Amino acid sequence: MGLSLEVAGICKAYNGQAVLRDCSFRFAPGRTYAVLGPNGSGKSTFFRIAALLEPPDVGSVRYSDDGLELPHDLNLRRRFTLLLPKIGVFNTTVFSNVAYGLKIRGRSAQAIEDRVNNLLVTVGLAHKRWQNGLNLSSGETKRLGIARALAVDPEVFFLDEPTANIDPKNTEIIEKIILSMKTAAKSTIILVTHDPAQAQRLADHVLVMENGRILPQ
């Protein structure tokens, strides 16, 4: 069945100010979801909690495989990945940036080369494989981040504002990459966006957040 995610009764407050209020949802394997809402609606906090970056004050985050709930350990965390708006790039080549996750997982040199080269073609960076990653444009850096995340075949892929602050050409390229992932249905994709049109273009299901709540569907 694959990895499924369910959040139940999530509440979160900072300095006494409620940010999330009783949020619940189940993400089915292999589907694409957009979390949509204005700034301050709680969508990025919801995203971080679902990705286990921080705990909720109240409620639970449950990852399950074939009905069995999984502990929040390293084995689970290696089954999903996330891409934040500000991507950390290593001071090395584009190729080595993308290869990093595969190297720490002990993949063979040939497997790494084949996987990375294919991904660089997918994200349109094959011609820059030996360029230092720090010298990429902001849009190219976003695409590098997607390639690096996809290299490890995540079962759940979190993307927080994947096209924020980049030009239309790179936005179009990134949306095409997400749509190709959606067609393959290998990963559950959960993306945060403030753009309703983008949410409709990319997602199977749109969650609308307002004032810390998920609005009824």
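Before any of the text, the structure's been laid out above.
A short note on the overall build of the protein chain
Turning to step 1, where the next piece is worked out: Looking only at helices and strands, the protein chain has seven helices and 10 strands in total.
Turning to step 2, where the next piece is worked out: Over its C-alpha trace the protein chain gives a radius of gyration of 17 Å, about what one expects of a compact globule, namely 17 Å for 217 residues.
Turning to step 3, where the next piece is worked out: Expressed along its principal axes, the backbone C-alpha trace of the protein chain runs to roughly 50 × 40 × 35 Å.
Turning to step 4, where the next piece is worked out: Taking all 217 residues of the protein chain together, the buried fraction comes to 48%.
Turning to step 5, where the next piece is worked out: A total accessible area of about 10,500 Å² is found for the protein chain, and carbon and sulfur atoms account for 51% of it.
Turning to step 6, where the next piece is worked out: Side-chain charges of the protein chain comprise 26 positive and 21 negative groups, with the mean position of each set lying 4 Å from the other.

Notes on the pattern of salt bridges
Turning to step 1, where the next piece is worked out: Going through the model one piece at a time under the given rule, you end up with 10 salt bridges.
Turning to step 2, where the next piece is worked out: For Lys 176, the salt bridge identified is with Glu 172, shortest N-O distance 3.4 Å. Of this pair, Lys 176 and Glu 172 both sit in helix H6 (residues 168–184), four residues apart, which is roughly one turn of that helix.
Turning to step 3, where the next piece is worked out: Classification of Glu 172 as partly exposed rests on a relative accessible area of 45%.
Turning to step 4, where the next piece is worked out: Each of Lys 12, Arg 48, Glu 54 and Asp 57 takes part in a single network of salt bridges with overlapping partners.

A word on the side chain of Arg 148
Turning to step 1, where the next piece is worked out: On the secondary structure map, Arg 148 appears in helix H5 (residues 138–150).
Turning to step 2, where the next piece is worked out: The buried charged residue Arg 148 lacks any salt bridge, with Glu 140 as its nearest oppositely charged partner at 14 Å.
Turning to step 3, where the next piece is worked out: Here the side chain of Arg 148 touches Asn 97 through a polar contact of 3.1 Å, side chain to side chain.
Turning to step 4, where the next piece is worked out: If we skip the residues at most four places from it in the chain, Arg 148 touches Ile 87, Gly 88, Val 89, Phe 90, Asn 97 and Val 98.

Quick notes on the environment of Gln 131
Turning to step 1, where the next piece is worked out: Along the polypeptide, Gln 131 turns up in the loop between helix H4 (109–122) and H5.
Turning to step 2, where the next piece is worked out: Ignoring sequence-local partners within four residues, the contact set of Gln 131 consists of Thr 92, Thr 93, Val 94 and Leu 136.

Observations regarding the nonpolar core
Most often, soluble globular proteins keep nonpolar side chains buried together rather than apart.
Turning to step 1, where the next piece is worked out: Val 98, Val 116, Ile 146, Phe 157 and Leu 159 are the most contacted members of the largest nonpolar core, which totals 36 residues.
Turning to step 2, where the next piece is worked out: Put simply, the parts of the chain that give this core at least two residues each are strand E3 (32–36), helix H3 (94–104), H4, H5, strand E7 (156–160), H6, strand E8 (188–193) and helix H7 (196–202).
Turning to step 3, where the next piece is worked out: Not counting residues within four places of it along the chain, the set of residues in contact with Phe 157 comprises Thr 81, Leu 83, Ile 146, Ala 149, Leu 150, Met 181, Thr 188, Ile 189 and Ile 190.
Turning to step 4, where the next piece is worked out: Judged by nonpolar contacts, the second largest core, of 28 residues, contains Leu 5, Val 7, Leu 20 and Leu 52.

Quick notes on the sheet that holds strand E5 (residues 68–69)
Turning to step 1, where the next piece is worked out: Spatially, E2-E1-E4-E5 is the arrangement adopted by the four strands of the open sheet, whose pairing is antiparallel. In this open sheet, the two strands that pair with only one neighbour each are strand E2 (17–27) and E5.
Turning to step 2, where the next piece is worked out: Two elements, strand E1 (residues 3–14) and strand E4 (residues 58–65), share seven bridges in a ladder whose sense is antiparallel. The partner of Leu 3 across the bridge, within E4, is Asp 65.
Turning to step 3, where the next piece is worked out: Together, E1, E2 and E4 form the strand contacts of helix H1 (residues 43–50), whose direction differs from that of E1 by roughly 125°.

Considering H4
Turning to step 1, where the next piece is worked out: Given a rise of 1.5 Å per residue, 14 residues ought to cover 20 Å, and the 20 Å separating the end C-alpha atoms of H4 matches this to within 8%.
Turning to step 2, where the next piece is worked out: Taken together, the buried positions of H4 are occupied by Ile 112, Val 116, Leu 119 and Leu 120. In a view along the axis of H4, the buried residues occupy a sector of 100°, so they form one face of it. Those residues of H4 that are exposed and aimed more than 90 degrees away from the buried face are Asn 118 and Val 121.
Turning to step 3, where the next piece is worked out: Buried residues along H4 sit against H3 and H5.
Turning to step 4, where the next piece is worked out: Directly beyond the C-terminal end of H4, a positive phi value near 75° is found at Gly 124.

A look at the pairing of E2
Turning to step 1, where the next piece is worked out: Where E1 meets E2, seven bridges bridge the pair, whose relative direction is antiparallel. Looking at E2, one finds that Lys 12 is bridged to Leu 20.
Turning to step 2, where the next piece is worked out: Counting the residues between successive antiparallel strands, the hairpin from E1 to E2 contains two residues, one of them, Asn 15, with a positive phi of roughly 55°.

Rules used throughout
- Residues numbered from 1 in each chain as written.
- Predicted model: local features only at pLDDT ≥ 70, side-chain atom pairs only at ≥ 80, totals over all residues.
- Heavy atoms only, no water.
- Helix = DSSP H or I, 4+ residues; strand = E, 2+ residues; numbered from the N terminus.
- Rg over C-alpha atoms; globule rule 2.2 N^0.38 Å.
- Buried < 20%, exposed > 50% of the residue type's maximum accessible area, 1.4 Å probe, protein only.
- Areas by Shrake-Rupley, 256 points an atom, 1.4 Å probe, with all protein chains shown as cover.
- Lys, Arg positive; Asp, Glu negative; His and termini not counted.
- Charge placed at Lys NZ, Arg CZ, Asp CG, Glu CD.
- Salt bridge = Lys/Arg side-chain N within 4 Å of Asp/Glu carboxyl O.
- Polar contact = N/O pair within 3.5 Å; in protein donor to acceptor, adjacent residues only side chain to side chain.
- Contact = heavy atoms within 4.5 Å.
- Core = buried A, V, L, I, M, F, W, Y, C linked by side-chain atoms within 4.5 Å.
- Pairing = 2+ DSSP bridges.
- Axes fitted to C-alpha atoms, helices over the stretch in contact; angles between N-to-C directions.
- Expected span 1.5 Å × (residues − 1).
- Arc of directions from axis to C-beta.

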